[in-house]
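Inside the fold
The primary structure of each chain is shown beneath.
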Amino acid sequence: MKTDVFISGGGIGGLTLALKLVQRGVDVVLAERMTKTPPTYKGELLQPKSMQIFDGLGLYDHIVSRSQEINVLDMLELSSSLTVRDQSFMDYNVLPGKYNAAYMIHHEELKKTILQEASEYTNFHYLSGTVCKGFTDQTVQLQRGKERFEVEAFYYFGAEGRSSVTRKAMGIEIKETRYNHHFLTVSFPRPENFTEGQIISTYNRFLGLFPLPHNQVRTVYLIPEGEYRELKEKPISHFHKLYTDLAPAMDGYVQSLNDWKKIQLMIPVMFHAPSYVKNNKAIIGDAAHAVHPMAGEGMNMAIQDADILGELAADMLESGNTAPEHLTWYEKVRYKRAEHVLQLSHLAALAYSFPFKPVSYLRTRTFERMEEDPILHFKQMLNISGLGIWREGMRDRFIQGGIMPVRAKSLPTDRKELKYFTREDDYPWKVEGFE
Ligand SMILES: Cc1cc2nc3c(=O)[nH]c(=O)nc-3n(C[C@H](O)[C@H](O)[C@H](O)COP(=O)(O)OP(=O)(O)OC[C@H]3O[C@@H](n4cnc5c(N)ncnc54)[C@H](O)[C@@H]3O)c2cc1C
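In this text the structure is predicted, and so the values were computed from the model without any measurement.

1. Here's the deal with the UniProt feature "domain: FAD-binding" (unreviewed entry) in the protein
Mapped onto this numbering, the UniProt entry annotates "domain: FAD-binding" (unreviewed entry) at residues 2-344. Span residues 2-344 is 29% helix and 32% strand, its end C-alpha atoms 41 Å apart.

Written out as structure tokens, the structure is:
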């Protein structure tokens, strides 16, 4: 079997890449080892840049109609007696333009939507239940049941998640960072009027609540590393109380969980592969980088990788500039952006990792200052949105630390929009050429 592009792994990253390529007329074979919907929870929050990308792929309205729109993340810091001590907001509406909200959608529903759209194209060949086993010089080796076969392609893209066969074949080693905490994660019904994201913390506890469509809420609760086994021995009412202590609005809803089995343990890790491209192979998404889930970025990074690599490979094939060295444009665009998000998420994780009152005090002060200072607020939302990067400078740090006063004046829309990535930033080879 011969094709233009072979993709290993049909998660969000692999599917988005496939859709992007087939829409441009590229012949794609995608192998996905699973045949059924996996029971695990994965990323569900779509950041504004991902919505812009899906708009370009013709899926924006469809996704909006199946999601819960999130405009505001409400950050509550509780005292030891569990009353609200401080409250601040992170508001997506400070971002000008169409993409000024996040959207919560069931992970598997999003995958189904992208797969259905890609399957409309006769140049898309989806091999379900097919495992990528490895590579020879010229081909990829696949296995479906007992059958073994090979596919030959111009390019091979690995989108298999954290344990990537393609990354291994490229000889790329990764170094994982582990954290001192894990998360319990589960979805359950929510009150109808609970429609914005909420992060509730005390100096030693953390609960994130993110409303899903169909009156569901996805939740993450931080536990110290290694505590899961001991917790599971307790009656499920213990779990209910952990939630209702911090979020009384969940009383009467969290109790719909009657078994620990439904609650998944999530172990955060961080790594960044030293490179994404080697010869005619490239890796995207979790194969290339794993991010701490605190800032809800993992799935978005996979989508953003897919957008850049898909546009690049389609341009290379269309223009006849097929030399694999041009694939490094993908790494040039994505590497620094991914590193920035990895660091942001890592810092956010650290802000909640240490159960000490001074850390809680510093955290609240930083969030308050961010809400009060319109430029800091815009920077924060821009950086998590994926629409652009604006790093914090010395003045920002002094404002956060209370050494300098907050700025009263906001930036006008046109100055904010100057901070967005342009088409030339996203796809620089279109301007600079392949020579
Ligand atoms: C358990 C878990 C929980 C998570 N929770 C959150 C969260 O709450 N919030 C958040 O923002 N992010 C979360 N993430 C991260 C987020 O889901 C990922 O960043 C995102 O799914 C990455 O997409 P991907 O396409 O790169 O990889 P994946 O979604 O991992 O998809 C990889 C696909 O490749 C397939 N595959 C693997 N190996 C092979 C092979 N050899 N041959 C063929 N197919 C193969 C797999 O079956 C899978 O379908 C979580 C990740 C995990 C693993």
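2. Quick notes on the nonpolar core
One finds Ile-7, Leu-46 and Phe-157 to be the most contacted residues of the largest nonpolar core, which totals 99 residues. The element that contributes the greatest number of residues to this core is helix α8 (residues 298-319), accounting for 11 residues. Residues Phe-188, Phe-194, Phe-239 and Tyr-243 belong to the second largest nonpolar core, which totals 25 residues.

3. A few points about the packing of aromatic side chains
One pair of aromatic rings is described through two measures. These are the centre distance and the angle between the planes. The full count for this structure, using the stated rule, is 17 aromatic pairs. Between the aromatic rings of Phe-135 and Tyr-156, the centroid separation amounts to 5.6 Å while the plane-to-plane angle is 80 degrees, which identifies the pairing as edge-to-face. Of this pair, Phe-135 sits in strand β9 (residues 131-135) while Tyr-156 sits in strand β11 (residues 147-158), placing them 21 residues apart in sequence. In this structure Phe-135 comes out as buried when scored by relative accessible area, which is 19%. Their ring planes at 40 degrees and their centres at 4.6 Å tell us that Phe-239 and Tyr-243 sit as a pair that is tilted. Of this pair, Phe-239 and Tyr-243 both sit in helix α7 (residues 236-246), four residues apart, which is roughly one turn of that helix. Considered together, Phe-239 and Tyr-243 belong to a single accessibility category, that of buried residues. Members of the aromatic cluster, connected to one another through ring pairs, are Phe-188, Tyr-221, Phe-239, Tyr-243 and Trp-260.

Conventions and cut-offs
Residues numbered from 1 in each chain as written. Predicted model: local features only at pLDDT ≥ 70, side-chain atom pairs only at ≥ 80, totals over all residues. Heavy atoms only, no water. UniProt positions renumbered as here; feature names shortened; annotations may be inferred. Helix = DSSP H or I, 4+ residues; strand = E, 2+ residues; numbered from the N terminus. Core = buried A, V, L, I, M, F, W, Y, C linked by side-chain atoms within 4.5 Å. Buried < 20%, exposed > 50% of the residue type's maximum accessible area, 1.4 Å probe, protein only. Phe/Tyr/Trp six-rings, centres within 6.5 Å; stacked < 30°, edge-to-face > 60°.

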